[in-house]
Amino acid sequence: MSNDNDRPTLVRTQVPKTVSDLDLELARRIPDDFVRLPGSPMDRVVDLVNRHWEQHTPQAKAELAQALLPVLLDLLNSSDDIANLHRGLCQNIVATWIKRQQDKRSRAS
């Protein structure tokens, strides 16, 4: 039988910022939203990035749009429905991009 003295002591540390559940959900919806929007593929992806991550710099948003575009172009050329593969790829791209933005901000401060 253990007592309270046997419990490990918790040390409070600064938890690194992580990608929010909302950002991950928005990222997974990108392929679905992309196919519904009018306009050129680039206009659509820029619209989605601006809509969901407006607080970022124009350069950062352009970076994300360029990273997402190949996945979304593949989606347009696919005869299949929107696949979980496309959703997962978009989620990974956005998560990586957000973490990179967080790293840049922490280095700058």
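Structure first, text after, so check above.
The paragraphs below set out a description of the structure included in this document. From a predicted model like this one, the values you see are computed outputs, not experimental measurements.

### Observations regarding the environment of Ile-30
Residue placement: Ile-30 occurs in helix H1 (residues 21-36). In this structure, Ile-30 is in contact with Leu-48, Trp-53, Leu-68, Leu-72, Cys-90 and Val-94, ignoring residues within four places of it in sequence.

### Describing the nonpolar core
Counting residues in hydrophobic clusters, the biggest one holds 24 residues, and the most contacted among them are Ile-30, Val-45, Trp-53, Leu-64, Leu-68, Leu-72 and Val-94. Of all the secondary-structure elements, those providing two or more residues to this core are H1, helix H2 (41-52), helix H3 (58-77) and helix H4 (84-108). With eight residues, the single largest contributor to this core is H3.

### A closer look at the packing of aromatic side chains
Under the defined criterion, the tally for this structure stands at one aromatic pair. Arg-44 extends its terminal NZ or CZ atom over the ring of Phe-34, reaching a point 4.8 Å from the ring centre.

### Some words on the side chain of His-56
Structurally, the position occupied by His-56 is in the loop between H2 and H3. When its relative accessible area of 12% is taken as the criterion, His-56 is described as buried. Not counting chain neighbours up to four residues away, the residues in contact with His-56 comprise Lys-61, Trp-97, Gln-101 and Arg-105.

### Describing the packing of H1 against H3
Close contact between H1 and H3 brings their axes to 10 Å; oriented N to C, the two are set at 60°. As far as their axial angle goes, H3 and H1 are oblique. Note on packing geometry: the crossing formed by H1 with H3 is right-handed. Here Ile-30, Pro-31, Phe-34 and Val-35 of H1 come into contact with H3, specifically with Leu-68, Leu-72, Leu-75 and Leu-76.

### What to know about the pattern of salt bridges
Under the definition given, this model contains five salt bridges. Close ionic contact of Arg-36 with Asp-33 constitutes a salt bridge, the shortest N to O distance being 3.4 Å. Taken as a pair, Arg-36 and Asp-33 lie in helix H1 at a separation of three residues, close to a single helical turn. For Arg-36, a relative accessible area of 62% translates into the label exposed. In the salt-bridge network here, residues are joined through shared partners; they are Glu-63, Arg-100 and Lys-104.

The rules behind these values
- As a convention, each chain's residues are numbered from 1 in the sequence order in which they are written.
- Local features are withheld for residues below a pLDDT of 70 in this predicted model, meaning they are given only at 70 or higher, and side-chain atom pairs are given and counted only at 80 or more; totals for whole chains, interfaces and linings count all residues.
- Side-chain numbers come from the whole structure's heavy atoms, not from hydrogens or water.
- For helices the rule is a DSSP run of H or I covering at least 4 residues; for strands it is a run of E covering at least 2, with both sets numbered from the N terminus onward.
- Here a residue-residue contact requires only that any non-hydrogen atoms of the pair lie within 4.5 Å.
- What makes a nonpolar core is a set of buried Ala, Val, Leu, Ile, Met, Phe, Trp, Tyr and Cys residues whose side-chain atoms join them at distances within 4.5 Å.
- The buried label applies to any residue whose accessible area, calculated with a 1.4 Å probe on protein chains only, is under 20% of its type's maximum; exposed applies above 50%, and partly exposed to all values in between.
- Pairing of aromatic side chains here covers Phe, Tyr and the six-membered ring of Trp, requires ring centres within 6.5 Å, and sorts the geometry by plane angle: under 30 degrees stacked, over 60 edge-to-face, intermediate tilted.
- In this scheme, Lys NZ or Arg CZ marks a charge over a ring once it lies within 6 Å of the ring centre and within 35 degrees of the ring normal.
- Between N-to-C directions, angles span 0 to 180 degrees; the directions come from axes that are lines fitted to C-alpha atoms, helices contributing only their stretch in contact.
- Angles are sorted into four bins: roughly parallel if under 35 degrees, roughly antiparallel if over 145, roughly perpendicular if 65 to 115, and oblique for all others.
- Handedness of each helix crossing follows the sense of rotation of the near helix against the far helix: counterclockwise by less than a right angle gives left-handed, clockwise gives right-handed.
- We define a salt bridge as a contact between a side-chain nitrogen of Lys or Arg and a carboxyl oxygen of Asp or Glu at a distance within 4 Å.

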